[in-house]
Amino acid sequence: MENRLKELRQSALKRVEAAASEEDLRAVTREFIGKQGAVSELLALIPNLPPAERGAMGKGANLLKRSIGDAISERKLALEALALDAQRAGGDFDPSLPGAPQMRGSLHPLTLVRREVEGIFSSMGYSILDGPEVELDYYNFQALNIPEHHPAREMQDTFYCDSGGKLVMRTQTSPVQIRAMESLSPPFRVIAPGRVFRNEEADATHEHTFHQVEGLVVGRDITVGHLTGVLKGFLRQLFQRDLDVRLRPGYFPFVEPGFELDIRCPFCEEGCRVCKKTCWVEFCGCGLVHPTVLEAGGIDPEAWTGFAFGFGLDRLVMLRHGIDDIRHFMGGDLRFLEQF
Ligand code: FA5
């Protein structure tokens, strides 16, 4: 039996060495290590051997099977390399032909507009800040003048991350206001774009995960005029023309007075689908920073004042590109994404 193993090894390796094509290699595989090949035949004889010899024989036959298999794979690679060399040498290979086309990705529309927004505010001297998406209740609510059990908590359905209610998925980018106040000395101006989360059912204009851009300016004698001036300047650059804005009273516990700022519909004069025939489109919540919030951020409200705003980036992108359903953004449909 041992001699048979040796013989088989020698003849199989010789055949592999001599193989000149894949077809030859397939034949060697069949004859030696296939289901009915020589090695399998040998394995079938093992039960007839004396028990003391069976183990060594089985091991030897399996090793042989593996080494023939390895030799076949090696020879296959060598034949492929030879074929490529021959093709190149024969002049059929044209290195100037274009390669197989590759699928190219593109930036998401939200990323494109976020970068544009960051560029405009940077040009106005604003720094760009980031904040954690999993946030302490303290920053998301308490320090923003929304204590526990305050009815304003009902305005934003919250995903809580722990049973104690200390950790939340941030419902707004406003907590970055407090983090900014803690880490910067006034005067300063910052924006903080980022993802926010609300436990809401999705529809054409609402998502549970969406994006906001927060703005905060702290300085001396800040007024509502500064606030509207900055937002009008921003909108002028974004839409490349002057757009009227209007303020309506709006309640946010962290600003006083607080407003909703609307922009005149960029698409029509008499009312259209986008502005729902009102000629005005809601743009953001905003106001002058509440003294209690400045204090929570470690800033003296007697010496400093500020304004803040927060707008939904998704809705802005929808407005910009006439997108009718917010769910397209995270739907993963390439036909939508490839348009940007
Ligand atoms: C706020 O979140 C305040 N933090 C904004 C603010 C900042 C006010 C600073 C004052 C000072 P509001 O809940 O209205 O406010 O959300 C702001 C914007 O987020 C909305 O105008 C809207 O564009 C967007 N938004 C709110 N909920 C959703 C949602 N479910 N899906 C998509 N966008 C949303």
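Owing to the predicted nature of the structure, the values given are computational and were not obtained by experimental measurement. (Residues numbered from 1 in each chain as written. Predicted model: local features only at pLDDT ≥ 70, side-chain atom pairs only at ≥ 80, totals over all residues. Heavy atoms only, no water.)

Q: Any chance you could explain the pairing of strand β7 (residues 255-264) here in plain terms?
A: The side chains of a regular strand alternate between the sheet's two faces. Note: strand β6 (residues 245-249) against β7, five bridges, orientation antiparallel. Note on β7: the bridge partner recorded for valine 245 is isoleucine 263. Here β6 folds back onto β7, and the loop between the two strands holds five residues. Examined bridge by bridge, β7 and strand β8 (residues 280-289) share eight bridges and lie antiparallel to one another. Looking at β8, one finds that leucine 261 is bridged to cysteine 284. (Pairing = 2+ DSSP bridges. Helix = DSSP H or I, 4+ residues; strand = E, 2+ residues; numbered from the N terminus.)

Q: Quick question: what am I supposed to make of the nonpolar core here?
A: Here is a general trend for soluble globular proteins: nonpolar side chains tend to be buried in one another's company. Among the nonpolar cores identified, the biggest contains 44 residues, and Ile263, Phe283, Phe309 and Phe311 are the most heavily contacted of them. Those elements that provide at least two residues to this core are α5 (109-123), β5 (209-219), α8 (224-239), β7, β8, β9 (305-312), α10 (313-321) and α12 (334-337). If you tally residues by element for this core, the top one is α8, at seven residues. Isoleucine 263 has contacts with Leu235, Phe239, Leu243, Asp244, Val245, Cys279, Trp280, Val281, Phe283 and Leu319, leaving out every residue within four places of it along the chain. Leu144, Leu216, Ile299 and Trp304 belong to the second largest nonpolar core, which has 22 residues in total. (Core = buried A, V, L, I, M, F, W, Y, C linked by side-chain atoms within 4.5 Å. Buried < 20%, exposed > 50% of the residue type's maximum accessible area, 1.4 Å probe, protein only. Contact = heavy atoms within 4.5 Å.)

Q: Is there a simple way to think about the pattern of salt bridges in this case?
A: Close approach of charged atoms allows side chains with opposite charge to pair. Applying the stated criterion across every chain yields a total of 16 salt bridges. Glutamate 23 serves as the salt-bridge partner of arginine 26, at 3.1 Å between the closest nitrogen and oxygen. Of the two residues, arginine 26 and glutamate 23 are both situated in helix α2 (residues 22-33); the distance of three residues between them amounts to about one turn of the helix. Residue classification places glutamate 23 among the partly exposed positions, given a relative accessible area of 42%. Arginine 248 is paired through a salt bridge with glutamate 282; the nearest N and O atoms lie 3.9 Å apart. Residue arginine 248 is located in strand β6, and its partner glutamate 282 is located in strand β8; the two are separated by 34 residues in the primary sequence. Taken together, the shared-partner salt bridges connect Arg246, Arg248, Asp262 and Glu282 into one network. (Salt bridge = Lys/Arg side-chain N within 4 Å of Asp/Glu carboxyl O.)

Q: Could you clarify how one ought to interpret the site of the ligand in this entry?
A: Taken together, 23 residues lie near the ligand, and Gln172, Ser174, Arg198, Glu200 and Glu207 sit nearest. Glutamine 212 places a side-chain nitrogen or oxygen 3.1 Å from an oxygen atom of the ligand. Between the ligand and glycine 312 there is a distance of 3.5 Å, counted from an oxygen atom to a backbone nitrogen or oxygen. For the ligand, the protein covers 92% of the area, taking 680 Å² as the surface of the free molecule. Those elements giving two or more residues to the shell around the ligand turn out to be β5, β8 and β9. (Near = heavy atom within 4 Å. Polar contact = N/O pair within 3.5 Å; in protein donor to acceptor, adjacent residues only side chain to side chain. Areas by Shrake-Rupley, 256 points an atom, 1.4 Å probe, with all protein chains shown as cover.)

Q: Explain the environment of glycine 58 to me, please; I cannot follow it from the model alone.
A: Looking at the element boundaries, glycine 58 is found in helix α4 (residues 51-89). Overall, the relative accessible area of 15% leaves glycine 58 in the buried class. Residues glycine 58 and methionine 181, spaced 123 residues apart in sequence, show a C-alpha to C-alpha distance of 76 Å. Excluding residues that lie within four positions of it along the chain, glycine 58 makes contacts with Leu43 and Ile46.

Q: Where do I start with the domain arrangement of the chain in this structure?
A: One frequent convention defines the size of an interface as the accessible area lost when the parts assemble. Taken domain by domain, the chain comprises domain 1 (2-88) and domain 2 (109-337). Relative to domain 2, the C-alpha centre of domain 1 lies at a distance of 70 Å. (Domains from an automatic or database assignment.)

Q: Looking at this structure, I do not really get the sheet that holds β8. What am I missing?
A: In a beta sheet, neighbouring strands are held together by backbone hydrogen bonds and run either parallel or antiparallel to one another. One open sheet holds the seven strands; their spatial order is β1-β4-β5-β9-β8-β7-β6, and the pairing between them is mixed. The open sheet has two edge strands with one neighbour each: β1 (127-128) and β6. Bridge count between strand β4 (residues 188-197) and β5: ten bridges; the pairing is antiparallel. Counterpart to valine 190 in the pairing with β5 is leucine 216. The strands that α5 touches are β1, β4, β5 and β9; relative to β4, the one it contacts most, it runs at about 165°. (Axes fitted to C-alpha atoms, helices over the stretch in contact; angles between N-to-C directions.)

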